[in-house]
Amino acid sequence: MTSPSRWTWLLGWIGGLAAVSAGLLTAVVGSEDPTVRQLLIVAVVGLGAWALLDRERIAGQLRSREFGLGAGSALLIALAGAVAVASYALADRLERTWDWTSNAVHTLSDQGVAAAAGLQGDVEVRAWFRPRSRERDRVGDLLELYGQHTPHLKVTWLDPLSDVRQAEMDAVTGLDGTLIFRRADGRQQRVEGNFDEARLNRALLMVASDAEHTVCWSVGHGEPDPDDTTLPDGAGSVVLALEGLNYQVRPVSTAVDGIDANCEVVVVARPTTDWSAAEREALMATVAAGRRAFVLIDPGLAPNLAADLGRMGVRVGDDVVLDFNAGNMLLGVNDPSFVVLSFGDLMPHAVTRDLGAAIVLGIARSVAWDDTKAGAKGLELLRTSRDAWAETTPDVDPVQPDVGVDRVGEVPVAVVATIEDPTILGIATRPDAAALAAPLVPTAADLGGATAAVPALGEAPAWKGVPEGFVAAPGGRVAVVGDWDFASNQYLALGNNRDLFLNLVAWLVEEEDQIAERPPEGDGLDLTVVSGALLALVELVLVPGLLAMGAVAVALRRRRL
Amino acid sequence: MKALTIARRELHAAFTGAVGWLVLVGFGFLAGVFFQWVFTAYAEASTELVFDPYAAQQLDLGDHLLAPFFGDLAIIVVLAGPALAMRLFSEEYRTRSFELLLTSPVTTGDIVLGKFLGALGFAALALAVTAVGPLSLFWFGDPDPGVLASGYLGLTLLFGAVLAMGMCASAWTENQIVALVTSFSAALALFILGMFGMDDPDAWLVQLAFTGHLDDLFVGRVGLSDVTYFVAFIGFFLFATAQRIESLRWR
């Protein structure tokens with residue numbers, strides 16, 4: 001019969017294994033799991049039985065010299081383990097990192113540091129991301145960097161699939177990630193889709209700022225509907241983007257209500273019918289009073305408004321820009337009336353600093369800066385490639401540049417300008433100033449034809465052109481783009497269109513610090529079929545082959561010996 | 001100094017037989033296959049993304065080519081490290097040459113450190129073989145040398161950690177297979193352990209795992225805590241190995 005003590009070690013092993021399993025299970029699922037308790041019981045019973053049955057052998061081992069020295073050794077190893085863990089914990093606490101990349105892509109820009117350091121009160125960051133997603137890791141890294149410069153950022157990670165009710169309350173509808181920066185007083189900023197540092201900086205600055213900017217969206221001339229987020233031509237998406245950045249956007253019927261002093265920026269988006277003389281005068285007065293105008297004007301539309309912009313030094317061409325750039329063809333843009341602007345086409349300016357990708361304009365007209373204009377300072381912000389021209393007779397075949405008439409090569413399509421001397425706008429000295437002083441009744445044409453609400457005869461309201469008490473002030477800003485389509489629902493998400501629009505508005509309201517540095521450009525590969533095959537040959541054949549020859553040489557030498 | 005002599009002897013021994021060379025052949029070939037894999041995927045992605053300028057702007061060689069490649073290499077390191085380390089002491093036990101080493105005028109520390117440095121030297125050569133692909137990127141594009149440097153620093157530290165653990169296992173048994181299986185299981189566990197706690201980057205499982213400390217190194221960000229993790233890990237296992245060898249002296 002087999003002696004029971006011969007197999008007692010097995011009990012010890014079972015007990016030990018159960019103890020280790022219980023430890024691992026506790027680490028993974030927690031100690032509440034019933035299996036952990038069962039394993040612990042097995043461990044206690046197994047080890048206890050082993051100790052009881054094998055007590056004489058264990059006692060002998062404990063008394064041996066080897067055990068004494070071994071125990072000392074084990075203690076030293078445990079001590080070394082503790083030192084290792086403590087060193088790591090200390091290093092982890094110091095949170096010191098070095099960015100070895102040449103573009104410092106893992107370091108916050110100065111603006112990012114300033115945005116984080118500028119937070120005065122706590123900001124809750126509700127980060128809605130799927131666990132283990134690449135985007136979550138990226139955002140997590142960025143938030144960690146911000147956290148190194150402010151104690152006020154409190155990040156809560158949320159999963160839109162696990163916390164459905166909260167997701168609904170936060171209006172999180174997609175799984176691509178949503179960041180909500182929220183102050184204690186409820187002011188908040190949302191970032192969705194793209195989570196580069198520039199956008200996060202802007203959101204942080206906006207949530208920290210108490211400034212309120214009012215953007216007046218001109219209506220009544222066939223402009224795109226600011227509430228329409230569904231039709232391709234609508235303006236709802238861009239208005240939502242503005243509102244997401246805490247701009248107050250309100251529609252203004254300039255023909256009926258005029259432009260009041262609360263309008264910090266007046267957006268004139270693709271008027272299909274022209275502005276009346278009175279409205280144009282009100283627009284000039286707005287800029288002359290030191291406020292801002294953002295005009296997006298498509299080819300062939302609103303000729304009087306286009307002409308009046310010349311008073312600010314902005315020359316809007318009566319043409320259509322055609323771009324035969326081969327690069328556009330490669331991008332799949334075969335229609336030359338679509339203008340795709342790449343990095344080189346963006347002039348250095350606060351607005352273009354963070355625009356790393358292309359700008360896609362629909363059918364555009366030229367917008368140039370008049371260098372001879374005194375009292376204003378302007379810049380042609382966007383210029384086409386050299387393969388474009390401004391076609392003044394697009395309906396005449398063949399479509400080709402008319403020498404001496406059409407502007408050829410690098411056609412400007414957007415201008416930003418600052419009015420240093422408001423008198424150049426001629427508000428006070430215009431010949432019809434006397435007429436402007438008296439209440440006017442706008443004509444149907446002035447009001448935008450059929451698209452505007454024409455007051456009934458006898459009920460015509462007093463026209464509110466140049467506001468009473470108008471005082472000229474320098475510093476008015478104007479941005480004119482020869483295209484609306486880039487900001488429409490259909491095109492807003494293309495390239496950097498959205499950022500161009502938002503940056504222009506940020507510049508107009510003098511919030512340039514919302515615009516971050518341009519992120520590093522992507523890396524392309526100058527790869528041909530031959531060079532790719534050559535690389536494969538070197539990597540998979542040549543290098544292993546040379547090493548294999550070394551093996552053969554050594555083997556042969558050993559055989560000779 | 002004596003540790004360096006032992007390291008040199010170990011390194012030399014690796015190349016006096018065909019096995020060391022063949023290990024390099026396998027290492028280089030596997031790395032080549034992995035590199036071709038990520039390289040082709042990157043080239044295809046960069047071609048497709050000409051239609052998506054924003055996404056193209058996000059595509060960079062560091063994050064989207066080198067980091068995945070380093071991740072693949074890390075798997076090879078976890079596989080190859082225990083195999084390289086298994087013979088360090090087990091072989092000496094088996095051939096009875098260990099008694100000779102113990103009676104020679106070298107300290108236990110010299111023996112452990114020398115063998116570790118020798119193995120690490122071989123590992124560094126193996127990693128150098130894999131650098132052919134990443135270095136060729138300077139021909140095709142503009143990779144970030146900082147990302148390359150930190151990536152290879154991460155791989156060297158990982159190799160060091162796996163070798164130290166494998167050497168410790170080898171010091172406890174004269175059976176190379178037991179040493180291999182033990183250290184390979186532990187290395188693999190440490191490699192995949194982080195996946196259990198990825199919802200929370202501060203979870204101790206993530207802190208314990210290799211992967212959580214490599215991600216940043218593979219994209220050019222060198223964290224003090226990540227480097228300390230590997231150095232402390234290596235130091236602990238070298239110390240444990242030294243204690244084991246020391247115990248053999250007094251047995």
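Residues numbered from 1 in each chain as written. Chains lettered and ligands numbered in written order. Predicted model: local features only at pLDDT ≥ 70, side-chain atom pairs only at ≥ 80, totals over all residues.

Some details on the overall build of chain B
So, point 1. Assigned secondary structure in chain B consists of 13 helices and one strand.
So, point 2. For chain B, the proportion of contacts with a sequence separation of at least 24, taken over those separated by at least 6, is 80%. (Helix = DSSP H or I, 4+ residues; strand = E, 2+ residues; numbered from the N terminus. Contact = placed C-beta atoms within 7 Å.)

Describing the overall build of chain A
So, point 1. The helix and strand inventory of chain A stands at 16 helices and 19 strands.
So, point 2. In chain A, once contacts between residues fewer than 6 apart in sequence are set aside, the share between residues at least 24 apart is 78%.

Re the packing of helix H2 (residues 18–48) of chain B against helix H4 (residues 61–85) of chain B
Residue and element names in this part refer to chain B.
So, point 1. As a packed pair, H2 and H4 sit with axes 9 Å apart at the nearest point and diverge in direction by 155°. When the interaxial angle is binned, H2 and H4 end up roughly antiparallel. For the pair H2 and H4, the sense of crossing is right-handed. Residues Phe 27, Leu 30, Ala 31, Phe 34, Phe 35, Val 38, Phe 39 and Tyr 42 of H2 pack against His 64, Leu 65, Pro 68, Phe 69, Asp 72, Leu 73, Ile 76 and Ala 80 of H4.
So, point 2. Partitioned by chemical class, the residues of the contact of H2 with H4 number 14 nonpolar, one polar and one charged. (Axes fitted to C-alpha atoms, helices over the stretch in contact; angles between N-to-C directions. Parallel < 35°, antiparallel > 145°, perpendicular 65-115°, else oblique. Left-handed = near helix turned anticlockwise from the far one by under 90°. Nonpolar A, V, L, I, M, F, W, Y, C, P; charged D, E, K, R; others polar.)

Let's talk about the pairing of strand S15 (residues 376–383) of chain A
Residues and elements named next belong to chain A.
So, point 1. In terms of burial, S15 is a largely internal element, six of the eight residues being buried.
So, point 2. Across seven bridges, the pairing between S15 and strand S18 (residues 412–419) is antiparallel. Along S18, the bridge assignment pairs Arg 383 with Pro 412. (Buried ≥ 20, exposed ≤ 12 C-beta atoms within 10 Å, placed from the backbone. Pairing = 2+ DSSP bridges.)

Concerning the environment of Phe 15 of chain B
So, point 1. For Phe 15 of chain B, the position within the fold is in helix H1 (residues 2–16).
So, point 2. Counting along the chain gives 107 residues from Phe 15 of chain B to Phe 122 of chain B, while the straight-line C-alpha distance between them is 9.3 Å.
So, point 3. Sequence-distant contacts of Phe 15 of chain B, that is, excluding residues within four places in its chain, are made with Val 554 of chain A together with Gly 20 and Trp 21 of chain B.

Some words on the environment of Ala 117 of chain A
Residues and elements named next belong to chain A.
So, point 1. By the element assignment, Ala 117 lies in helix H5 (residues 110–117).
So, point 2. You can call Ala 117 exposed: it has 11 C-beta atoms within 10 Å.
So, point 3. Beyond its immediate sequence surroundings of up to four residues, Ala 117 is in contact with His 149 and Thr 150.

With respect to the sheet that holds strand S3 (residues 153–158) of chain A
Residue and element names in this part refer to chain A.
So, point 1. The strand order across the open sheet formed by four strands is S3-S2-S4-S5, and the pairing between neighbours is mixed. Only two strands of the sheet have a single neighbouring strand rather than two, namely S3 and strand S5 (188–192). When strand polarity is set aside, the average angle formed by the axes of neighbouring strands in this sheet is 15°.
So, point 2. Helix-sheet contacts for helix H8 (residues 197–208) involve strand S2 (123–128), strand S4 (178–183) and S5, and the interaxial angle to S5 is about 170°.

What to know about the packing of helix H16 (residues 529–560) of chain A against helix H8 (residues 132–140) of chain B
So, point 1. It is at 11 Å that the axes of H16 of chain A and H8 of chain B come closest, and there the two elements cross at 160°. Comparing their axes, H8 of chain B and H16 of chain A come out roughly antiparallel. Handedness of the crossing formed by H16 of chain A with H8 of chain B: right-handed. The residues of H8 of chain B that touch H16 of chain A, namely those facing Ser 531, Leu 535, Val 538, Glu 539 and Val 543 of chain A, are Val 132, Gly 133, Ser 136 and Phe 140 of chain B.

Structural notes on unusual backbone geometry
Residues and elements named next belong to chain A.
So, point 1. Despite not being glycine, Ala 171 shows a phi value in the positive range, around 55°.
So, point 2. Looking at the element boundaries, Ala 171 is found in the loop between helix H7 (164–169) and S4.
So, point 3. Even without a glycine there, the phi angle at Arg 270 is positive, about 40°.
So, point 4. Its location among the elements puts Arg 270 in the loop between strand S8 (265–269) and helix H11 (277–288).
So, point 5. On the neighbour-count criterion, Arg 270 (21 C-beta atoms within 10 Å) is buried.

With respect to the pairing of strand S11 (residues 320–323) of chain A
Residue and element names in this part refer to chain A.
So, point 1. Side chains Val 320 and Leu 322 of S11 all project onto a buried face; the interleaved residues Val 321 and Asp 323 project onto the opposite face, where all are buried too.
So, point 2. Where S11 and strand S16 (residues 388–391) come together, four bridges link them in antiparallel fashion. The residue bridging Val 321 from the neighbouring strand is Ala 390, located in S16.

Examining the confidence of the model for chain B
Residues and elements named next belong to chain B.
So, point 1. Of all residues in chain B, 91% attain a pLDDT of 70 or more, and the chain-wide mean is 87.
So, point 2. Model confidence for chain B, summarised as mean pLDDT per element, is weakest for helix H3 (residues 53–58) at 59 and strongest for helix H9 (residues 145–172) at 95.
So, point 3. Predicted complex metrics record ipTM = 0.89 and pTM = 0.64. (pLDDT = per-residue confidence, 0-100.)

Focus on the nonpolar core
Residue and element names in this part refer to chain A.
So, point 1. One finds Phe 294, Val 314, Val 413, Val 415, Val 480 and Val 505 to be the most contacted residues of the largest nonpolar core, which totals 118 residues.
So, point 2. Looking at which domains feed residues into this core, each of domain 2 (110–191) and domain 3 (214–514) supplies at least three.
So, point 3. Discounting chain neighbours no more than four positions away, the residues touching Val 505 are Val 215, Leu 242, Tyr 247, Val 265 and Phe 294. (Core = buried A, V, L, I, M, F, W, Y, C linked by C-beta atoms within 7 Å. Domains from an automatic or database assignment.)

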